[in-house]
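# Observations on the three-dimensional arrangement
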Amino acid sequence: MEWFPVVAVIFKILVLGTGMFFAIKWHYDQGKKGKVQERRAVLRGAVKVAAIFLLALLGLGFITWLLVSRLSLDLGLS
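The model shown is predicted, which means the values in this text are computed figures rather than measured ones.

Assigned secondary structure in the chain consists of 2 helices and 0 strands. When the 78 residues of the chain are sorted by exposure, 1% land in the buried category.

With that settled, consider unusual backbone geometry. The phi angle at Ser72 is positive, at roughly 55°, despite the residue not being glycine. Secondary-structure assignment places Ser72 in the segment after helix H2 (39-70).

So, on to the pattern of salt bridges. Two side chains of opposite charge can pair, provided their charged atoms sit close to one another. The tally for this structure, following the rule as stated, stands at 1 salt bridge. Of the charged contacts in the structure, one is a salt bridge between Asp29 and Lys25, with a shortest N-O distance of 3.1 Å. Separated by 4 residues within a single helix, Asp29 and Lys25 lie in helix H1 (residues 3-32), roughly one turn from each other. Looking at Asp29, the relative accessible area reads 31%, which means it is partly exposed.

A few words on the packing of aromatic side chains. Inspection of the entire model under this criterion finds 3 aromatic pairs. On the numbers, 5.2 Å between centres and 70° between planes, the contact of Phe21 with Phe22 is edge-to-face.

Our focus in this paragraph is a nonpolar patch on the surface. Together, Phe62, Ile63, Trp65 and Leu66 line one region of the surface with nonpolar side chains, adding up to about 440 Å² of accessible area. Checked against the element boundaries, Trp65 lands in helix H2. Look at Trp65 and you get exposed, because its relative accessible area is 54%.

Rules used throughout
Every chain begins its residue count from 1, and numbering advances along the sequence as written. Per-residue local features are limited, in this predicted model, to residues with pLDDT of at least 70; the limit for side-chain atom pairs, both in listing and counting, is 80 or more; totals at the level of whole chains, interfaces and linings are taken over all residues. Only heavy atoms go into the side-chain values, all of them from the structure, while hydrogens and water stay out. Helix numbering and strand numbering both begin at the N terminus, where a helix is a DSSP run of H or I of at least 4 residues and a strand a DSSP run of E of at least 2. In this scheme, a residue with accessible area under 20% of its type's maximum is buried, one over 50% is exposed, and one in between is partly exposed, where area comes from a 1.4 Å probe on protein chains only. By salt bridge we mean one thing: a side-chain nitrogen of Lys or Arg within 4 Å of a carboxyl oxygen of Asp or Glu. When the centres of two rings from Phe, Tyr and Trp lie within 6.5 Å, Trp using its six-membered ring, the rings pair. Their planes under 30 degrees apart give stacked, over 60 give edge-to-face, and anything left gives tilted. Residues enter a patch when their relative accessible area is above 30% and they make no salt bridge; the linking distance is 9 Å between like charges and 5 Å between nonpolar side chains (Val, Leu, Ile, Met, Phe, Trp, Tyr). The Shrake-Rupley method, run with a 1.4 Å probe sphere, supplies the accessible areas, and residue values consider only the shown protein chains as cover.

Okay, here's the thing in structure tokens:
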């Protein structure tokens, strides 16, 4: 049964290599098409993602503060 790891690793490399080749080829072909999104739409999407991230961060901070205050934990640095 010492042959199984060799066959499995070779199969894994072949499958992942093929997948990577086609992923790179697809992205290259998409870029060649000239189908470019508007800069404004990309910027709007980035702002939405940043806003969602900041809201999630603020919500997590508030929930943490609420939990710490309810449990009467001392988070002083001294």
